[in-house]
Amino acid sequence: TIQRNEALLRQFIDESVFGIVIINEQGKIIKWNRAQEQIFGYKSSEVLGKPAWESFFMITPLRYRTLNSKKEFKSFVKKALKTGKGSWIKKLLDYETVDAHGNKKYIQQVIFPIKTEKGYLLGSICRDVTELKEIELKLKKSEKKYREAYQQITFYKNLLAHDFANIIGVI
């Protein structure tokens with residue numbers, strides 16, 4: 001039955017380990033699941049019914065929080081709700097954000113249109129990849145240190161070889 005399917009869909013969204021958001025045709029958030037609450041630290045009651053661009057602005061790192069960035073996201077959302085198209089639609093986005101406590105987070109997200117009679121809804125599925133990103137950054141830092149040490153050893157090896165060649169030449 002329809003009621004059973006609706007209940008099953010609601011449970012599926014709420015129990016998902018991925019953050020799920022649904023934005024209605026007016027750009028307001030109508031679904032913010034538990035995983036989304038855990039990732040960003042905002043309860044659904046704090047964001048439901050609010051414009052998506054306001055919520056996006058809340059999770060934007062301070063250094064990027066400008067009036068222009070808010071306008072750009074609002075423009076993107078409005079265009080996507082009318083046309084179902086946009087530069088971020090159906091692409092894996094990988095970006096830095098902050099949670100409600102100001103903690104840095106790295107997120108992977110896909111935004112997709114959902115066709116309706118009035119235009120489009122926007123769906124979003126995201127996951128927190130902060131731990132993976134931090135490991136990647138540590139690995140890059142370690143690799144950089146290794147390369148610097150290797151270059152230093154090569155320099156000293158060449159210097160020593162040159163000095164020995166001079167000593168042997170004198171002998």
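The following paragraphs examine the structure supplied in this document.

Criteria and cut-off values
- Residues numbered from 1 in each chain as written.
- Predicted model: local features only at pLDDT ≥ 70, side-chain atom pairs only at ≥ 80, totals over all residues.
- Heavy atoms only, no water.
- Helix = DSSP H or I, 4+ residues; strand = E, 2+ residues; numbered from the N terminus.
- Buried < 20%, exposed > 50% of the residue type's maximum accessible area, 1.4 Å probe, protein only.
- Contact = heavy atoms within 4.5 Å.
- Areas by Shrake-Rupley, 256 points an atom, 1.4 Å probe, with all protein chains shown as cover.
- Lys, Arg positive; Asp, Glu negative; His and termini not counted.
- Charge placed at Lys NZ, Arg CZ, Asp CG, Glu CD.
- Patch = residues over 30% accessible without salt bridge, like charges linked within 9 Å, V, L, I, M, F, W, Y side chains within 5 Å.
- Salt bridge = Lys/Arg side-chain N within 4 Å of Asp/Glu carboxyl O.
- Core = buried A, V, L, I, M, F, W, Y, C linked by side-chain atoms within 4.5 Å.
- Pairing = 2+ DSSP bridges.
- Polar contact = N/O pair within 3.5 Å; in protein donor to acceptor, adjacent residues only side chain to side chain.

We now examine the overall build of the protein chain. Broken down by element type, the protein chain carries 6 helices and 5 strands. Order of helices (α) and strands (β) in the protein chain, N terminus to C terminus: α-β-β-α-α-α-α-β-β-β-α. Taken over the C-alpha atoms alone, the protein chain extends approximately 95 × 35 × 30 Å along its principal axes. Taken over 171 residues, the protein chain has a buried fraction of 33%. In the protein chain, the share of contacts with a sequence separation of at least 24, taken over all contacts with a separation of at least 6, comes to 38%. When the accessible surface of the protein chain is totalled, it reaches about 12,100 Å², and 58% of it is carbon and sulfur. One finds the centroid of the 31 positive side-chain charges in the protein chain at a distance of 5 Å from the centroid of its 19 negative side-chain charges.

Once that is clear, we can look at a nonpolar patch on the surface. Together, Leu-160, Phe-164, Ile-167 and Ile-168 line one region of the surface with nonpolar side chains, adding up to about 420 Å² of accessible area. Inspection of the secondary structure puts Leu-160 in helix α6 (residues 130-170).

Here the focus is the pattern of salt bridges. By the definition in use, this model includes 7 salt bridges. For Glu-15, the salt bridge identified is with Arg-34, shortest N-O distance 3.0 Å. Taken as a pair, Glu-15 in helix α1 (residues 2-15) and Arg-34 in helix α2 (residues 34-40) lie far apart in primary sequence, 19 residues in all. Take Arg-34: its relative accessible area is 43%, and that puts it in the partly exposed class.

Quick look at the nonpolar core now. Residues Ile-29, Trp-32, Phe-40, Phe-76, Val-77 and Leu-122 are the most contacted members of the largest nonpolar core, which totals 22 residues. With 5 residues, the single largest contributor to this core is helix α5 (residues 67-83). Setting aside residues no more than four positions away along its own chain, Trp-32 makes contact with Ile-20, Val-21, Glu-37, Phe-40, Tyr-42, Lys-43, Ser-44, Val-47 and Leu-48.

We now examine the side chain of Ser-16. Structurally, Ser-16 can be placed in the loop between α1 and β1 (19-23). Excluding anything up to four places from it in sequence, Ser-16 contacts Asn-33 and Ala-35.

Right, let's get into the pairing of strand β2 (residues 29-32). The sheet contact formed by β1 and β2 spans 3 bridges and is antiparallel. Bridge pairing in β2 places Ile-23 opposite Ile-29. Between β1 and β2, which pair antiparallel in sequence order, lie 5 residues; one of them, Gly-27, sits at a positive phi of approximately 90°.

Turning next to the pairing of β1. Side chains on a regular strand alternate between the two faces of the sheet. Taking burial as the measure, the 5 residues of β1 include 5 buried ones, the bulk of the element. Pairing analysis gives 5 bridges linking β1 to strand β5 (residues 120-128), with the strands arranged antiparallel. Within β5, the residue paired with Ile-22 across the bridge is Gly-123.

Relative to the helices and strands, Thr-60 is located in the loop between α4 (52-58) and α5. Here the side chain of Thr-60 touches Phe-56 through a polar contact of 2.7 Å, landing on its backbone oxygen. Leaving out residues up to four positions away in the same chain, Thr-60 has contacts with Arg-65, Thr-97 and Val-98.

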